[in-house]
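Each chain, written out:
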Amino acid sequence: MSTAANRTAGPDHLWTVDEHLEDILATVRPLEPIELQLLDAQGCVLVEDITVPVSLPPFDNSSMDGYAVRVTDVAGASEEFPAVLTVIGDVAAGQSEPLHVGPGETARIMTGAPLPPGAEAVVPVEWTDGGLGGGPVTGMRARSQAPEAATGHVHVYRSAEARAHVRAKGSDVKAGDRALDAGTVLGPPQIALLAAIGRGTVRVRPRPRVVVMSTGSELVQPDEQLADGQIYDSNSFALTAAARDAGAIAYRVGAVADDAETLRDTIEDQLVRADLLVTTGGVSVGAYDVVKEALSSVGDEDEEGAGIDFRKLAMQPGKPQGFGSIGPDHIPLLALPGNPVSSYVSFELFVRPAIRALMGLDDVHRPTTRATLTTDKALTSPKGRRQFLRGTYADGEVTPVGGAGSHLIAALALADALIVVPEDVESVEPGTEVQVVLLG
(Lines give C-alpha, C1' and ligand atoms only; values in the text may rest on other atoms or scores of the structure.)
Protein backbone atom coordinates (compact mmCIF):
# COMPACT_ATOMS: atom_id res chain seq x y z
CA MET A 1 0.00 0.00 0.00
CA SER A 2 1.52 3.24 -1.08
CA THR A 3 -0.13 6.63 -1.45
CA ALA A 4 1.08 10.19 -1.62
CA ALA A 5 -0.34 10.81 1.85
CA ASN A 6 1.53 8.13 3.75
CA ARG A 7 4.75 8.48 1.78
CA THR A 8 5.13 12.02 3.10
CA ALA A 9 3.73 11.48 6.59
CA GLY A 10 6.31 11.02 9.35
CA PRO A 11 5.89 8.64 12.30
CA ASP A 12 4.70 11.48 14.55
CA HIS A 13 2.22 12.85 12.04
CA LEU A 14 -1.26 13.22 13.54
CA TRP A 15 -3.64 12.25 10.78
CA THR A 16 -7.06 13.83 10.42
CA VAL A 17 -10.12 11.63 9.99
CA ASP A 18 -10.47 12.87 6.43
CA GLU A 19 -6.84 12.13 5.55
CA HIS A 20 -7.08 8.58 6.85
CA LEU A 21 -10.32 7.90 5.00
CA GLU A 22 -8.95 9.46 1.81
CA ASP A 23 -5.91 7.18 2.05
CA ILE A 24 -8.16 4.12 2.39
CA LEU A 25 -10.48 5.04 -0.47
CA ALA A 26 -7.54 5.91 -2.73
CA THR A 27 -6.20 2.39 -2.22
CA VAL A 28 -9.32 0.20 -2.21
CA ARG A 29 -10.55 -0.66 -5.70
CA PRO A 30 -13.92 -2.17 -6.70
CA LEU A 31 -13.92 -5.93 -7.18
CA GLU A 32 -13.87 -7.28 -10.72
CA PRO A 33 -17.33 -8.00 -12.19
CA ILE A 34 -18.61 -11.55 -12.56
CA GLU A 35 -21.73 -13.18 -14.02
CA LEU A 36 -24.02 -14.64 -11.36
CA GLN A 37 -27.33 -16.44 -11.18
CA LEU A 38 -30.10 -14.16 -9.93
CA LEU A 39 -30.33 -15.44 -6.37
CA ASP A 40 -26.56 -15.47 -6.04
CA ALA A 41 -26.54 -11.82 -7.13
CA GLN A 42 -28.69 -10.62 -4.23
CA GLY A 43 -26.97 -7.72 -2.48
CA CYS A 44 -24.53 -7.22 -5.37
CA VAL A 45 -24.13 -4.11 -7.51
CA LEU A 46 -25.03 -4.13 -11.20
CA VAL A 47 -22.28 -3.17 -13.63
CA GLU A 48 -24.56 -2.93 -16.67
CA ASP A 49 -27.73 -1.13 -17.64
CA ILE A 50 -30.63 -3.56 -18.04
CA THR A 51 -33.01 -2.97 -20.96
CA VAL A 52 -36.41 -4.63 -21.11
CA PRO A 53 -36.52 -7.21 -23.96
CA VAL A 54 -40.25 -7.89 -23.65
CA SER A 55 -43.11 -5.73 -22.40
CA LEU A 56 -44.67 -6.38 -19.02
CA PRO A 57 -47.27 -7.61 -19.03
CA PRO A 58 -46.60 -9.16 -22.44
CA PHE A 59 -50.33 -9.21 -23.32
CA ASP A 60 -53.61 -7.65 -22.18
CA ASN A 61 -54.81 -9.67 -19.21
CA SER A 62 -57.48 -9.70 -16.56
CA SER A 63 -56.94 -8.19 -13.13
CA MET A 64 -59.99 -10.01 -11.73
CA ASP A 65 -61.70 -13.38 -11.70
CA GLY A 66 -64.82 -12.76 -13.74
CA TYR A 67 -66.20 -12.69 -17.26
CA ALA A 68 -64.69 -11.28 -20.46
CA VAL A 69 -67.41 -9.28 -22.19
CA ARG A 70 -68.21 -6.89 -25.01
CA VAL A 71 -69.17 -3.46 -23.65
CA THR A 72 -72.38 -3.21 -25.71
CA ASP A 73 -73.59 -6.56 -24.38
CA VAL A 74 -73.67 -5.34 -20.76
CA ALA A 75 -74.71 -1.72 -21.34
CA GLY A 76 -77.49 -0.75 -18.91
CA ALA A 77 -77.30 -4.03 -16.98
CA SER A 78 -78.74 -3.98 -13.45
CA GLU A 79 -80.03 -6.42 -10.86
CA GLU A 80 -83.58 -5.70 -12.02
CA PHE A 81 -82.69 -6.03 -15.70
CA PRO A 82 -79.55 -8.17 -15.95
CA ALA A 83 -77.71 -8.86 -19.17
CA VAL A 84 -77.91 -12.56 -20.00
CA LEU A 85 -74.88 -13.87 -21.90
CA THR A 86 -73.94 -17.25 -23.30
CA VAL A 87 -70.86 -18.71 -21.61
CA ILE A 88 -68.59 -20.26 -24.25
CA GLY A 89 -65.91 -21.61 -21.92
CA ASP A 90 -63.00 -20.70 -19.64
CA VAL A 91 -59.86 -18.65 -20.20
CA ALA A 92 -57.16 -19.54 -17.71
CA ALA A 93 -53.65 -18.15 -17.17
CA GLY A 94 -51.21 -19.91 -19.48
CA GLN A 95 -53.89 -20.97 -21.95
CA SER A 96 -52.40 -20.97 -25.44
CA GLU A 97 -55.55 -20.94 -27.60
CA PRO A 98 -57.97 -18.29 -26.30
CA LEU A 99 -61.64 -18.36 -27.15
CA HIS A 100 -63.23 -15.69 -29.36
CA VAL A 101 -66.02 -13.71 -27.71
CA GLY A 102 -68.77 -12.79 -30.16
CA PRO A 103 -71.98 -10.77 -29.73
CA GLY A 104 -74.03 -11.98 -26.78
CA GLU A 105 -71.21 -14.23 -25.62
CA THR A 106 -68.81 -14.25 -22.68
CA ALA A 107 -65.99 -16.39 -21.33
CA ARG A 108 -65.10 -17.03 -17.73
CA ILE A 109 -61.66 -15.52 -17.17
CA MET A 110 -59.17 -15.95 -14.36
CA THR A 111 -56.83 -13.32 -12.93
CA GLY A 112 -53.74 -13.00 -15.15
CA ALA A 113 -55.34 -14.79 -18.11
CA PRO A 114 -55.11 -13.10 -21.54
CA LEU A 115 -58.12 -11.08 -22.64
CA PRO A 116 -59.68 -13.16 -25.42
CA PRO A 117 -60.24 -11.70 -28.90
CA GLY A 118 -63.57 -9.91 -29.18
CA ALA A 119 -63.75 -9.02 -25.48
CA GLU A 120 -63.34 -5.40 -24.39
CA ALA A 121 -63.63 -5.53 -20.62
CA VAL A 122 -63.86 -7.84 -17.64
CA VAL A 123 -66.86 -8.00 -15.31
CA PRO A 124 -65.91 -9.21 -11.80
CA VAL A 125 -67.65 -12.43 -10.83
CA GLU A 126 -69.25 -10.58 -7.87
CA TRP A 127 -71.32 -8.58 -10.40
CA THR A 128 -72.88 -11.80 -11.72
CA ASP A 129 -74.76 -14.89 -10.61
CA GLY A 130 -71.72 -17.03 -11.49
CA GLY A 131 -73.86 -18.93 -13.99
CA LEU A 132 -75.75 -20.57 -11.16
CA GLY A 133 -79.01 -18.62 -11.41
CA GLY A 134 -79.24 -17.71 -7.74
CA GLY A 135 -78.45 -13.99 -7.68
CA PRO A 136 -75.06 -12.28 -7.07
CA VAL A 137 -72.24 -14.57 -5.92
CA THR A 138 -69.19 -13.81 -3.81
CA GLY A 139 -66.69 -15.82 -5.82
CA MET A 140 -66.11 -18.14 -8.73
CA ARG A 141 -66.66 -21.82 -8.05
CA ALA A 142 -64.08 -24.33 -9.23
CA ARG A 143 -64.85 -26.01 -12.53
CA SER A 144 -64.60 -29.41 -10.89
CA GLN A 145 -67.28 -28.45 -8.35
CA ALA A 146 -69.65 -26.65 -10.70
CA PRO A 147 -68.90 -27.59 -14.32
CA GLU A 148 -72.26 -26.17 -15.37
CA ALA A 149 -71.00 -22.66 -14.56
CA ALA A 150 -68.49 -22.85 -17.43
CA THR A 151 -71.26 -23.26 -19.98
CA GLY A 152 -74.87 -22.22 -20.28
CA HIS A 153 -75.75 -18.64 -19.35
CA VAL A 154 -74.67 -16.02 -16.84
CA HIS A 155 -76.62 -13.05 -15.52
CA VAL A 156 -74.61 -9.81 -15.36
CA TYR A 157 -75.95 -7.14 -12.98
CA ARG A 158 -73.72 -4.16 -13.80
CA SER A 159 -72.37 -2.50 -16.90
CA ALA A 160 -68.65 -2.11 -17.64
CA GLU A 161 -66.61 0.53 -19.45
CA ALA A 162 -64.10 -0.41 -22.11
CA ARG A 163 -60.84 -1.80 -20.65
CA ALA A 164 -62.37 -2.15 -17.19
CA HIS A 165 -60.33 -4.59 -15.05
CA VAL A 166 -57.86 -5.13 -17.89
CA ARG A 167 -54.11 -4.80 -17.41
CA ALA A 168 -52.81 -3.37 -20.66
CA LYS A 169 -49.81 -4.86 -22.43
CA GLY A 170 -46.72 -2.87 -21.43
CA SER A 171 -48.52 -1.03 -18.61
CA ASP A 172 -45.66 -2.00 -16.25
CA VAL A 173 -42.68 -1.57 -18.57
CA LYS A 174 -42.39 -1.56 -22.35
CA ALA A 175 -39.86 -3.36 -24.50
CA GLY A 176 -36.83 -1.12 -24.89
CA ASP A 177 -37.36 0.69 -21.57
CA ARG A 178 -34.52 0.93 -19.07
CA ALA A 179 -35.33 -1.53 -16.31
CA LEU A 180 -32.34 -1.02 -13.99
CA ASP A 181 -29.30 1.24 -14.08
CA ALA A 182 -25.72 0.18 -13.54
CA GLY A 183 -24.87 0.83 -9.91
CA THR A 184 -28.16 -0.56 -8.59
CA VAL A 185 -27.93 -2.82 -5.54
CA LEU A 186 -29.98 -5.93 -6.26
CA GLY A 187 -32.61 -6.54 -3.61
CA PRO A 188 -35.71 -8.76 -3.83
CA PRO A 189 -37.77 -6.33 -5.97
CA GLN A 190 -34.94 -5.88 -8.47
CA ILE A 191 -34.38 -9.63 -8.70
CA ALA A 192 -38.12 -10.08 -9.26
CA LEU A 193 -37.99 -7.60 -12.15
CA LEU A 194 -34.99 -9.32 -13.72
CA ALA A 195 -36.74 -12.67 -13.55
CA ALA A 196 -39.94 -11.17 -14.96
CA ILE A 197 -38.14 -9.90 -18.05
CA GLY A 198 -36.43 -13.24 -18.57
CA ARG A 199 -32.94 -12.59 -17.19
CA GLY A 200 -31.55 -15.67 -15.46
CA THR A 201 -28.07 -14.26 -14.88
CA VAL A 202 -26.70 -10.78 -14.42
CA ARG A 203 -23.27 -9.14 -14.43
CA VAL A 204 -22.39 -7.67 -11.04
CA ARG A 205 -19.56 -6.85 -8.69
CA PRO A 206 -19.61 -9.60 -6.05
CA ARG A 207 -20.19 -8.90 -2.39
CA PRO A 208 -16.82 -8.42 -0.70
CA ARG A 209 -15.54 -11.19 1.55
CA VAL A 210 -14.51 -9.62 4.85
CA VAL A 211 -12.62 -11.53 7.54
CA VAL A 212 -12.92 -10.11 11.06
CA MET A 213 -10.67 -11.13 13.92
CA SER A 214 -10.15 -9.76 17.41
CA THR A 215 -6.95 -10.06 19.40
CA GLY A 216 -6.28 -10.41 23.10
CA SER A 217 -5.44 -13.24 25.48
CA GLU A 218 -8.11 -11.91 27.84
CA LEU A 219 -10.92 -12.63 25.36
CA VAL A 220 -13.30 -15.54 25.90
CA GLN A 221 -16.04 -16.71 23.54
CA PRO A 222 -19.68 -16.31 24.64
CA ASP A 223 -21.10 -19.31 26.52
CA GLU A 224 -17.67 -20.11 27.96
CA GLN A 225 -16.79 -19.63 31.63
CA LEU A 226 -14.96 -16.43 32.53
CA ALA A 227 -11.82 -16.64 34.65
CA ASP A 228 -10.32 -13.76 36.60
CA GLY A 229 -9.21 -10.95 34.30
CA GLN A 230 -11.12 -12.26 31.29
CA ILE A 231 -13.92 -10.66 29.27
CA TYR A 232 -16.17 -11.89 26.51
CA ASP A 233 -15.18 -11.16 22.93
CA SER A 234 -17.83 -8.76 21.64
CA ASN A 235 -15.84 -6.87 18.99
CA SER A 236 -15.58 -9.69 16.48
CA PHE A 237 -19.33 -10.28 16.71
CA ALA A 238 -20.17 -6.59 16.40
CA LEU A 239 -17.89 -5.99 13.44
CA THR A 240 -18.88 -9.16 11.61
CA ALA A 241 -22.52 -8.16 11.94
CA ALA A 242 -21.67 -4.62 10.84
CA ALA A 243 -19.81 -5.93 7.79
CA ARG A 244 -22.83 -8.01 6.78
CA ASP A 245 -25.06 -5.01 7.32
CA ALA A 246 -22.79 -3.04 4.99
CA GLY A 247 -23.30 -5.63 2.24
CA ALA A 248 -20.33 -7.95 2.72
CA ILE A 249 -20.03 -11.68 3.13
CA ALA A 250 -18.35 -11.68 6.53
CA TYR A 251 -16.40 -14.37 8.36
CA ARG A 252 -15.62 -14.16 12.07
CA VAL A 253 -12.39 -15.65 13.39
CA GLY A 254 -12.20 -16.53 17.07
CA ALA A 255 -10.08 -14.28 19.25
CA VAL A 256 -6.33 -14.63 18.67
CA ALA A 257 -4.04 -14.68 21.72
CA ASP A 258 -1.38 -12.03 22.21
CA ASP A 259 1.31 -13.78 20.22
CA ALA A 260 2.71 -12.13 17.08
CA GLU A 261 3.64 -15.36 15.30
CA THR A 262 0.20 -16.88 15.93
CA LEU A 263 -1.47 -13.75 14.60
CA ARG A 264 0.68 -13.68 11.46
CA ASP A 265 -0.09 -17.33 10.80
CA THR A 266 -3.82 -16.76 11.34
CA ILE A 267 -3.88 -13.81 8.95
CA GLU A 268 -1.99 -15.75 6.29
CA ASP A 269 -4.48 -18.63 6.63
CA GLN A 270 -7.39 -16.23 6.09
CA LEU A 271 -6.02 -14.50 2.98
CA VAL A 272 -7.46 -17.19 0.71
CA ARG A 273 -11.02 -16.14 1.54
CA ALA A 274 -10.60 -12.40 2.08
CA ASP A 275 -11.12 -9.31 -0.04
CA LEU A 276 -10.66 -7.24 3.12
CA LEU A 277 -9.19 -8.07 6.54
CA VAL A 278 -10.25 -6.31 9.74
CA THR A 279 -8.49 -6.73 13.06
CA THR A 280 -9.47 -5.18 16.36
CA GLY A 281 -7.17 -4.63 19.29
CA GLY A 282 -3.41 -4.46 19.67
CA VAL A 283 -2.72 -1.24 17.74
CA SER A 284 -1.81 1.15 20.55
CA VAL A 285 1.52 1.56 22.39
CA GLY A 286 1.23 -1.11 25.08
CA ALA A 287 3.72 -3.89 25.66
CA TYR A 288 1.20 -6.48 24.39
CA ASP A 289 -0.12 -4.67 21.33
CA VAL A 290 0.33 -7.73 19.18
CA VAL A 291 -1.15 -6.48 15.90
CA LYS A 292 1.33 -3.66 15.72
CA GLU A 293 4.18 -6.01 16.60
CA ALA A 294 3.11 -8.65 14.10
CA LEU A 295 2.39 -6.44 11.12
CA SER A 296 4.65 -3.40 11.40
CA SER A 297 7.36 -5.07 9.28
CA VAL A 298 5.21 -7.40 7.25
CA GLY A 299 5.99 -5.48 4.06
CA ASP A 300 9.64 -6.49 4.25
CA GLU A 301 8.80 -9.94 2.94
CA ASP A 302 5.88 -9.02 0.70
CA GLU A 303 5.83 -7.58 -2.78
CA GLU A 304 6.78 -3.96 -3.28
CA GLY A 305 4.15 -1.56 -1.99
CA ALA A 306 2.68 -3.93 0.60
CA GLY A 307 2.78 -3.25 4.32
CA ILE A 308 0.77 -1.90 7.23
CA ASP A 309 1.13 1.68 8.41
CA PHE A 310 0.21 2.36 12.04
CA ARG A 311 -0.81 5.93 12.76
CA LYS A 312 -2.49 8.25 15.22
CA LEU A 313 -5.66 10.10 14.27
CA ALA A 314 -7.01 13.37 15.59
CA MET A 315 -10.25 11.76 16.72
CA GLN A 316 -11.97 10.44 19.83
CA PRO A 317 -12.64 7.57 20.21
CA GLY A 318 -10.30 5.67 17.89
CA LYS A 319 -6.98 7.51 17.93
CA PRO A 320 -4.75 4.48 17.09
CA GLN A 321 -5.40 3.02 13.63
CA GLY A 322 -3.60 0.81 11.12
CA PHE A 323 -4.07 0.48 7.39
CA GLY A 324 -2.28 -1.15 4.50
CA SER A 325 -2.22 -4.32 2.44
CA ILE A 326 -0.88 -7.79 2.99
CA GLY A 327 0.03 -10.86 0.98
CA PRO A 328 0.93 -11.30 -2.70
CA ASP A 329 -2.51 -10.06 -3.79
CA HIS A 330 -2.23 -6.94 -1.62
CA ILE A 331 -5.41 -7.62 0.35
CA PRO A 332 -6.40 -4.43 2.24
CA LEU A 333 -6.18 -4.67 6.02
CA LEU A 334 -7.66 -2.24 8.51
CA ALA A 335 -6.42 -2.55 12.09
CA LEU A 336 -8.87 -1.01 14.56
CA PRO A 337 -8.45 -0.26 18.26
CA GLY A 338 -9.74 -2.79 20.78
CA ASN A 339 -12.10 -0.76 22.96
CA PRO A 340 -15.63 -1.70 21.84
CA VAL A 341 -16.89 1.79 21.08
CA SER A 342 -13.60 2.77 19.43
CA SER A 343 -13.70 -0.26 17.17
CA TYR A 344 -17.34 0.24 16.21
CA VAL A 345 -16.98 3.96 15.51
CA SER A 346 -13.83 3.20 13.50
CA PHE A 347 -15.74 0.59 11.53
CA GLU A 348 -18.47 3.08 10.65
CA LEU A 349 -16.02 5.77 9.62
CA PHE A 350 -13.45 3.67 7.74
CA VAL A 351 -14.33 0.01 7.21
CA ARG A 352 -17.88 0.50 6.02
CA PRO A 353 -16.82 2.96 3.30
CA ALA A 354 -14.09 0.52 2.24
CA ILE A 355 -16.64 -2.30 1.90
CA ARG A 356 -18.95 -0.08 -0.12
CA ALA A 357 -16.03 0.95 -2.34
CA LEU A 358 -15.17 -2.71 -2.98
CA MET A 359 -18.80 -3.21 -4.02
CA GLY A 360 -18.40 -0.45 -6.60
CA LEU A 361 -20.90 1.96 -5.07
CA ASP A 362 -20.52 5.68 -5.74
CA ASP A 363 -21.91 6.77 -2.38
CA VAL A 364 -20.01 4.92 0.33
CA HIS A 365 -20.98 7.05 3.32
CA ARG A 366 -23.74 6.90 5.90
CA PRO A 367 -26.31 9.70 5.50
CA THR A 368 -25.74 12.81 7.59
CA THR A 369 -28.06 15.55 8.77
CA ARG A 370 -28.19 18.55 11.07
CA ALA A 371 -30.01 18.25 14.38
CA THR A 372 -30.63 20.26 17.53
CA LEU A 373 -28.68 18.99 20.52
CA THR A 374 -30.97 18.15 23.45
CA THR A 375 -29.04 17.64 26.68
CA ASP A 376 -29.01 18.91 30.25
CA LYS A 377 -25.52 20.34 30.12
CA ALA A 378 -22.89 21.33 27.61
CA LEU A 379 -20.84 18.64 25.91
CA THR A 380 -17.09 18.93 26.22
CA SER A 381 -14.59 17.79 23.60
CA PRO A 382 -10.79 17.66 23.57
CA LYS A 383 -9.15 20.41 21.57
CA GLY A 384 -7.78 19.28 18.24
CA ARG A 385 -9.81 16.05 18.19
CA ARG A 386 -12.92 15.31 16.17
CA GLN A 387 -15.21 13.63 18.65
CA PHE A 388 -17.94 11.13 17.80
CA LEU A 389 -20.53 10.73 20.56
CA ARG A 390 -23.30 8.17 20.54
CA GLY A 391 -26.82 9.54 20.36
CA THR A 392 -30.45 8.91 19.52
CA TYR A 393 -32.01 10.92 16.70
CA ALA A 394 -35.69 11.75 16.18
CA ASP A 395 -37.64 14.61 14.59
CA GLY A 396 -34.67 16.88 14.04
CA GLU A 397 -33.26 16.44 17.56
CA VAL A 398 -30.39 14.35 18.86
CA THR A 399 -29.78 13.29 22.45
CA PRO A 400 -26.48 11.85 23.75
CA VAL A 401 -26.56 8.37 25.28
CA GLY A 402 -23.87 7.22 27.68
CA GLY A 403 -20.63 9.05 28.31
CA ALA A 404 -17.52 9.56 26.24
CA GLY A 405 -15.85 6.37 27.49
CA SER A 406 -14.79 3.99 24.73
CA HIS A 407 -15.82 0.90 26.73
CA LEU A 408 -19.55 1.71 27.12
CA ILE A 409 -21.18 -1.04 25.05
CA ALA A 410 -24.62 -0.70 26.66
CA ALA A 411 -24.86 2.93 25.55
CA LEU A 412 -23.73 1.95 22.05
CA ALA A 413 -26.60 -0.55 21.83
CA LEU A 414 -29.08 2.30 22.38
CA ALA A 415 -27.57 4.65 19.80
CA ASP A 416 -28.78 5.14 16.25
CA ALA A 417 -26.59 8.13 15.45
CA LEU A 418 -23.16 9.66 15.98
CA ILE A 419 -22.92 13.27 17.12
CA VAL A 420 -19.93 14.94 15.45
CA VAL A 421 -18.01 17.58 17.40
CA PRO A 422 -15.40 19.30 15.15
CA GLU A 423 -11.73 19.57 16.02
CA ASP A 424 -11.89 23.29 16.80
CA VAL A 425 -14.88 23.01 19.18
CA GLU A 426 -14.29 22.33 22.89
CA SER A 427 -17.84 22.84 24.19
CA VAL A 428 -21.30 22.41 22.67
CA GLU A 429 -24.22 24.03 24.47
CA PRO A 430 -27.75 22.54 24.60
CA GLY A 431 -29.84 23.77 21.67
CA THR A 432 -26.84 23.99 19.33
CA GLU A 433 -27.24 22.60 15.83
CA VAL A 434 -24.79 19.77 15.29
CA GLN A 435 -23.85 17.38 12.53
CA VAL A 436 -25.24 13.86 12.95
CA VAL A 437 -24.27 10.61 11.23
CA LEU A 438 -27.32 8.37 10.96
CA LEU A 439 -26.51 4.73 11.67
CA GLY A 440 -29.89 3.11 11.09
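Everything below is about the structure printed above this text.
Figured I'd write up the structure that's included with this text.

Definitions and cut-offs
Residues numbered from 1 in each chain as written. Predicted model: local features only at pLDDT ≥ 70, side-chain atom pairs only at ≥ 80, totals over all residues. Heavy atoms only, no water. Pairing = 2+ DSSP bridges. Helix = DSSP H or I, 4+ residues; strand = E, 2+ residues; numbered from the N terminus. Axes fitted to C-alpha atoms, helices over the stretch in contact; angles between N-to-C directions. Phe/Tyr/Trp six-rings, centres within 6.5 Å; stacked < 30°, edge-to-face > 60°. Lys NZ or Arg CZ within 6 Å of the ring centre and 35° of its normal. Contact = heavy atoms within 4.5 Å.

Quick look at the sheet that holds strand β9 (residues 121-124)
The mixed open sheet is built from five strands, whose spatial order is β9-β6-β8-β7-β10. Strand pairing shows two members of the sheet lacking a second neighbour, β9 and β10 (153-156), which therefore form its edges. Taken over all neighbouring pairs, the strand axes of this sheet differ in orientation by 45° on average, direction set aside. Bridge count for strand β7 (residues 83-91) against β10 is four bridges, and the pairing is antiparallel. Looking at the pairing, Ala83 lines up with Val156 of β10.

Thoughts on unusual backbone geometry
With an omega of -10°, the peptide bond between Leu56 and Pro57 qualifies as cis. On the secondary structure map, Pro57 appears in the loop between β4 (50-51) and β5 (61-62). Of note, the amide linkage connecting Gln316 to Pro317 takes the cis form, showing an omega dihedral of -5°. Structurally, Pro317 can be placed in the loop between β20 (315-316) and β21 (320-326).

Examining the packing of aromatic side chains
A full pass over the atoms with the stated rule returns zero aromatic pairs. In this arrangement the basic side chain of Arg158 is found over the ring face of Trp127, its NZ or CZ atom lying 4.0 Å from the centre. The positively charged end of Arg311 is found above the aromatic ring belonging to Trp15, 3.6 Å away from the centroid.

Observations concerning the environment of Gln316
Within the element layout of this structure, Gln316 appears in strand β20. It is 37 Å that separates the C-alpha atoms of Gln316 and Val204, two residues lying 112 residues apart in sequence. The residues touching Gln316, leaving out its near neighbours within four places in the chain, are Pro382, Arg385, Arg386, Gln387 and Phe388.

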